[in-house]
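Here is how the chains run, residue by residue.
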Amino acid sequence: KAVVSTQSTGISPDVPLPEEVDLSSVTKVTPVITNEYCYTGTGRDYQGKASLTEYGVECMRWDDVSSMPDYNPGHNHCRNLGTWSKQPYCFIGGDMDPRAVPCTIPKCVWDEECKSTDDGVDYLGPENVTAAGWGCQNWSDDYPHPHSYNNVGNHNMCRNPGGEESSPWCYTEALTFPIWDYCTIRTCEPGKDSRYNYDKP
């Protein structure tokens, strides 16, 4: 029987918790990537507080960037607001006008360039072509194949929602068959693929 003692968790003794919590029914712990300490894809979802460029220069506040009059979040944190950049960026002062430069934010490589489990349930990478060479259908679309996985996201990248299949897959863009197909995603190798520590910036 797996148990966790609240005495070793640092939880305040004022919190009314049982001395032992039964974890025998827990079958899997899924890591959550929050786009806070690293970024996935091109960093469009990054919401962290990094504000240093790869040149070691502090970012300007977005409010002070004249070319971005409609974006005034009240901070200088790195973001990726467009389609041209492959990673989060910010602006620094230039000779004439502020210029956009990349930020020093690590990419979440674990489950981004490879899958950490055989079924790839946590895979978040950009692969969007199946093993047979079919392009993937956007998960939010029901054409050419209607389905019930629209909540996976507005993209066409290989995924394994709920771990229901043996590997990441997608619906294909084929008008008839195959309706769906597996994707070729390699398995992460300890020592070769670095796993980012999400607990620390």
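Structure shown above.
Not measured: the values here are computed from a predicted model. Counting starts from 1 at the beginning of each chain's written sequence and moves along it residue by residue. This being a predicted model, a pLDDT of at least 70 is required before a residue's local features are given, and a value of 80 or more before pairs of side-chain atoms are given or counted; all residues contribute to the totals for chains, interfaces and linings. As a rule here, side-chain values cover all heavy atoms of the structure and leave hydrogens and water aside.

(A) The nonpolar core, seen in detail. The biggest cluster of nonpolar side chains holds 13 residues, and the ones touching the most others in it are Trp62, Cys78, Cys90, Phe91, Cys103 and Ile105. What is meant by a nonpolar core is a set of buried Ala, Val, Leu, Ile, Met, Phe, Trp, Tyr and Cys residues, joined one to another through side-chain atoms within 4.5 Å. Residue exposure (1.4 Å probe, protein chains only): buried if accessible area is under 20% of the type maximum, exposed if over 50%, otherwise partly exposed. Ranked by size, the runner-up nonpolar core spans 10 residues in total, among them Tyr123, Cys136, Trp139 and Cys158.

(B) Geometry of the side chain of Thr53. Following the sequence through the fold, Thr53 ends up in the loop between strand E2 (20–22) and strand E3 (89–92). Any pair of residues with heavy atoms lying within 4.5 Å of one another is described as a contacting pair. The contacts of Thr53, once residues within four sequence positions are left out, are Cys59, Cys90, Ile92, Val101, Pro102, Cys103 and Thr104. Elements are defined by DSSP. Helices are runs of H or I of four residues or more, strands are runs of E of two residues or more, and each kind is numbered from the N terminus.

(C) A look at the pairing of E3. A two-sided burial pattern is seen for E3, the buried positions comprising Tyr89 and Phe91 on one face and Cys90 and Ile92 on the other. We treat two strands as partners when DSSP finds at least two bridges between them. Where E3 lies against strand E4 (residues 99–102), 4 bridges are found, and the strand directions are antiparallel. Bridge pairing in E4 links Tyr89 to Pro102.

(D) Structural context of the state of the cysteines. Any two cysteine sulfur atoms lying within 2.5 Å of each other are counted as a disulfide. As enumerated under the stated definition, the model contains 5 disulfides in all. Residue Cys78 pairs covalently with Cys103 via a disulfide, S to S 2.0 Å. Between Cys78 and Cys103 the disulfide shows an S-S torsion of about -95°. By sign, it is left-handed. Of this pair, Cys78 sits in the loop between E2 and E3 while Cys103 sits in the loop between E4 and strand E5 (169–171), and the two are 25 residues apart along the sequence.

All quantities given are derived from atomic positions and should not be read as evidence of function.
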